[in-house]
Amino acid sequence: MSYITEPEHFFNGQKGSLRGNNVGSKKTYLKDLDGFFGDEKVRDSMNQDTLVYEVQYYFPVEDGREGGLFFGITTINPGKVGDEYFMTKGHYHEKRDRGEYYWCITGEGMLILMDGERNCRAEKMSPESLHYIPGYTAHRVVNTGAAPLVFGACWPADAGHNYGEIKMRGFSARVLDKDHEPMLIDE
Ligand code: F6R
Ligand code: MN
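Residues numbered from 1 in each chain as written. Chains lettered and ligands numbered in written order. Predicted model: local features only at pLDDT ≥ 70, side-chain atom pairs only at ≥ 80, totals over all residues. Heavy atoms only, no water.

Visitor: I'd like a description of the nonpolar core, backed by residues and values.
Guide: Among the nonpolar cores identified, the biggest contains 35 residues, and F37, I76, Y102, L111, V141 and I166 are the most heavily contacted of them. Elements with a contribution of two residues or more to this core: β4 (51–58), β5 (69–76), β8 (100–106), β9 (109–114), β12 (138–143) and β13 (149–156). Take this core: its biggest share by element is five residues, from β9. The contact partners of I76, leaving out residues within four places of it in the chain, are V52, Y53, F86, M87, T88, V141, V142, N143, P148, L149 and F151. Listed in part, the six residues of the second largest apolar core include Y58, I73, I105 and V150. (Core = buried A, V, L, I, M, F, W, Y, C linked by side-chain atoms within 4.5 Å. Buried < 20%, exposed > 50% of the residue type's maximum accessible area, 1.4 Å probe, protein only. Helix = DSSP H or I, 4+ residues; strand = E, 2+ residues; numbered from the N terminus. Contact = heavy atoms within 4.5 Å.)

Here it is in structure tokens:
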């Protein structure tokens, strides 16, 4: 028997917000980002309850299911730790070969991509920009603007996340404010 249904989920094309059943949310505050910014002293001296970014997500299948896809909308608030813009932690996928799509909904920023040899490049993000993240590539988003940066993501349900390596060794370059210009600076 064939039938028509209403969609179960909606996302707002201007603000990005996601609604529907089983939509979850994870907030990351400055207190959660110990060790991720270049100047730990400055990060430590700031209000630790500052919200840096929030991910709204929808996981239609269980974590780890081969062939499944996950969906997320990330909002990074504007701000800086010293001269380093607010950003996501960044990660490799646990299953290294898994790729991902990001697309920018609103705001301005950069997607830092680092390959297995620790070579970094950054793609500029602006509304409607689309970014393919290949496998074996660590990825982090930086908000270089004065407004929230909102982007969508779609990734394989069995990708997993490896944050430990980034916490330990970081990326080999950082996006810093140099005389009001965002620059990709090698470590
Ligand atoms: C999923 C993915 C994004 C990020 C999100 C927050 O694989 O890349 O949904 O998880 O943008 O960034 P992280 O996970 O680096 O804190
Ligand atoms: Mn990812």
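Visitor: So, the sheet that holds β4: which residues are in play, and what are the values?
Guide: Pairing is antiparallel across the open sheet formed by six strands, whose spatial order is β3-β4-β5-β13-β8-β11. Edge strands, defined here as strands with exactly one partner in the open sheet, are β3 (23–29) and β11 (130–133). Within the sheet, the average angular offset between the axes of one strand and its neighbour, ignoring direction, is 20 degrees. Strand direction decides the pairing type here: β5 and β13, joined by eight bridges, are antiparallel. Bridge pairing in β13 places T75 opposite V150. (Pairing = 2+ DSSP bridges. Axes fitted to C-alpha atoms, helices over the stretch in contact; angles between N-to-C directions.)

Visitor: Any chance you could break down the sheet that holds strand β10 (residues 120–125) for me, citing the residues and the numbers?
Guide: Whenever strands of a sheet pair, they do so through backbone hydrogen bonds, lying parallel or antiparallel. The three strands lie next to each other as β10-β9-β12, forming an open sheet whose pairing is antiparallel. Only two strands of the sheet have a single partner each, and these edge strands are β10 and β12. With direction set aside, neighbouring strand axes in the sheet form an average angle of 20 degrees. Note: β9 against β12, six bridges, orientation antiparallel.

Visitor: Break down the pairing of β11 for me, with residues and values.
Guide: The two faces of β11 differ: H131 and I133 on one face are buried, but L130 and Y132 on the other face are not. Where β8 lies against β11, four bridges are found, and the strand directions are antiparallel. Note on β11: the bridge partner recorded for W103 is L130.

Visitor: A description of the side chain of N143 should follow, citing residues and the corresponding values.
Guide: Along the chain, N143 turns up in strand β12. On the accessibility criterion, N143 (0% relative accessible area) is buried. A distance of 3.4 Å separates the side chain of N143 from the backbone oxygen of N77, its partner in a polar contact. (Polar contact = N/O pair within 3.5 Å; in protein donor to acceptor, adjacent residues only side chain to side chain.)

Visitor: Give me the lowdown on the coordination of the manganese ion (ligand 2), citing residues and values where you can.
Guide: Under ideal tetrahedral coordination, the four donors around a metal are separated by 109.5 degrees; under ideal octahedral coordination, the six donors are separated by 90 or 180 degrees. In this structure, H91 (NE2), H93 (NE2), E100 (OE) and H139 (NE2) serve as the protein donors to the manganese ion (ligand 2), at separations of 2.1 to 2.3 Å. Taken together, the six donor atoms coordinating the manganese ion (ligand 2) span angles of 72 to 172 degrees at the metal, a pattern that classifies the geometry as octahedral. Read from N- to C-terminus, the donor residues coordinating the manganese ion (ligand 2) fall into the pattern H-x1-H-x6-E-x38-H. One end of the pair, H93, is in the loop between β7 (84–85) and β8; the other, H139, is in strand β12, with 46 residues separating them in the sequence. By relative accessible area, H93 is classed as buried at 2%. Accessibility expressed as a relative area gives 0% for H139, which makes it buried. (Donors = N, O, S within 2.8 Å, 3.2 Å for Na, K, Ca; no water. Tetrahedral: all angles 85-135°; square planar, octahedral: opposite > 155°, others 65-115°.)

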